[in-house]
Amino acid sequence: MEELIAKPVTLVALLTGTALVLVLAGCSGAATAQKDDGLIRVVASTNVYGDIAKTIGGDRVAVTSIISDPSQDPHSYEANAQMQLALSLADVVIQNGGGYDAFVGTLLRGAKNPKVVVLDAVAISGYDQRPATGDFNEHMWYDVPTVRRVAARIAKQFSALEPSGAPAFTTNTARFTAELDVLQASETKIKATAVGSGAAITESVPLYLLDAVGLVNKTPEKFSAAIEAGTEVSPVALQQTLALFSGRAVKLLAYNEQTTSPETVRVRAAARKAGIAVVQVRETLPRGKNYVAWMTDTLASIARALR
């Protein structure tokens with residue numbers, strides 16, 4: 001998201017020179033022990049990619065997710081010394097890319113880890129980052145085909161780092177992709193009756209999923225773009241969005257519960273007043289859920305909303 005790009009990474013300001021040396025030196029004993037355990041060290045920008053990496057790697061990997069608190073707004077992330085250290089030890093880093101988690105690149109430059117392999121979901125997706133519209137939706141975890149490609153790339157990289165674990169990585173990936181098949185079958189089933197129906201959003205976060213089930217985004221672009229960028233919503237864009245509910249032009253509102261504002265709260269209230277279902281969407285895993293369970297629940301919520 002654009003707001004993520006604009007956020008300052010405070011680690012550079014807080015831990016420079018002697019301070020950073022002392023932090024890393026104080027952790028050097030633990031770091032050495034961690035590196036000697038034979039595990040593939042993985043750092044993921046969010047717990048979404050961390051969960052996928054753990055699903056594929058099993059007990060042969062140690063995964064650290066930079067953003068893991070389900071109550072945390074990813075837009076307000078600020079780096080810390082532990083994450084800098086984790087990146088300095090990482091064998092593989094998994095990021096979303098597309099500007100969403102640009103802080104990873106900033107941290108990596110300070111981590112001094114030239115051998116680390118960086119897997120970028122946007123790059124792996126194959127989507128054109130410069131479409132004719134000039135707009136690109138970087139929220140790749142809501143696009144099941146991309147998640148499938150990311151999983152395959154993770155398995156390939158893990159196998160290259162630990163050839164003896166390749167059979168396990170292959171088995172785990174096959175099991176995971178079979179679960180993705182079930183998700184896509186659910187999308188197809190919903191699409192059979194939902195295709196062409198209108199939907200509203202607060203941000204572009206779930207658009208890949210909404211498109212997969214045949215829903216058409218009716219939200220004025222100026223509204224969702226302003227919410228996503230954290231800028232002021234124009235009165236005209238707000239009124240046009242509110243009219244979607246009073247005019248019953250949409251069947252559901254996909255509401256990002258991790259990023260709210262007075263405008264999004266007002267839109268949610270308008271949807272509920274009009275009897276339009278509100279489907280909660282997120283940018284990181286809910287507590288106690290893995291990726292497949294989370295997407296299964298989201299699709300079930302969409303199906304209920306459309307009924």
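Bear in mind that the values here come from a model prediction, so they are computed numbers and not experimental data. (Residues numbered from 1 in each chain as written. Predicted model: local features only at pLDDT ≥ 70, side-chain atom pairs only at ≥ 80, totals over all residues. Heavy atoms only, no water.)

Caption draft 1: Here's a closer look at the sheet that holds strand E1 (residues 40–46). In space, the four strands of this open sheet follow the order E2-E1-E3-E4, with parallel pairing throughout. Only two strands of the sheet have a single partner each, and these edge strands are strand E2 (61–67) and strand E4 (117–120). Averaged over all pairs of adjacent strands, the angle between their axes in this sheet comes to 20°, without regard to strand direction. Across three bridges, the pairing between E1 and strand E3 (residues 92–95) is parallel. Note on E3: the bridge partner recorded for valine 42 is valine 92. (Pairing = 2+ DSSP bridges. Helix = DSSP H or I, 4+ residues; strand = E, 2+ residues; numbered from the N terminus. Axes fitted to C-alpha atoms, helices over the stretch in contact; angles between N-to-C directions.)

Caption draft 2: Highlighting the packing of aromatic side chains. Here the structure, examined in full by the defined rule, presents seven aromatic pairs. Relative to tryptophan 294, the ring of tyrosine 142 has its centre 5.7 Å away and its plane inclined at 65°; by these criteria the two rings are edge-to-face. A residue pair is termed long-range when its members are at least 10 positions apart, and tyrosine 142 in the loop between helix H7 (121–125) and helix H8 (144–161) and tryptophan 294 in helix H14 (residues 291–306) qualify at 152 residues. This pair shows no difference in class: tyrosine 142 is buried, exactly as tryptophan 294 is. Relative to tyrosine 291, the ring of phenylalanine 176 has its centre 6.4 Å away and its plane inclined at 55°; by these criteria the two rings are tilted. With phenylalanine 176 in helix H9 (residues 166–194) and tyrosine 291 in helix H14, this residue pair connects regions lying 115 residues apart in the sequence. With respect to burial, phenylalanine 176 and tyrosine 291 carry one shared label: buried. Every member of this aromatic cluster is reached through a ring pair, and the members are Tyr100, Trp141, Tyr142, Phe176, Tyr291 and Trp294. (Phe/Tyr/Trp six-rings, centres within 6.5 Å; stacked < 30°, edge-to-face > 60°. Buried < 20%, exposed > 50% of the residue type's maximum accessible area, 1.4 Å probe, protein only.)

Caption draft 3: Layout of the packing of H8 against H9. With their axes 10 Å apart at the nearest point, H8 and H9 run at an angle of 180° to one another. By the angle between their directions, the pair H8 and H9 is classed as roughly antiparallel. Taking contact as the criterion, the partners of Val144, Pro145, Val147, Arg148, Ala151, Ala155, Phe158 and Ser159 in H8 are, on H9, Ala166, Phe169, Thr173, Phe176, Thr177, Leu180, Asp181, Gln184 and Glu187. Of the residues in the contact of H8 with H9, the class split is 10 nonpolar, four polar and three charged. (Parallel < 35°, antiparallel > 145°, perpendicular 65-115°, else oblique. Contact = heavy atoms within 4.5 Å. Nonpolar A, V, L, I, M, F, W, Y, C, P; charged D, E, K, R; others polar.)

In short, shape yes, function no, at least from these values alone.
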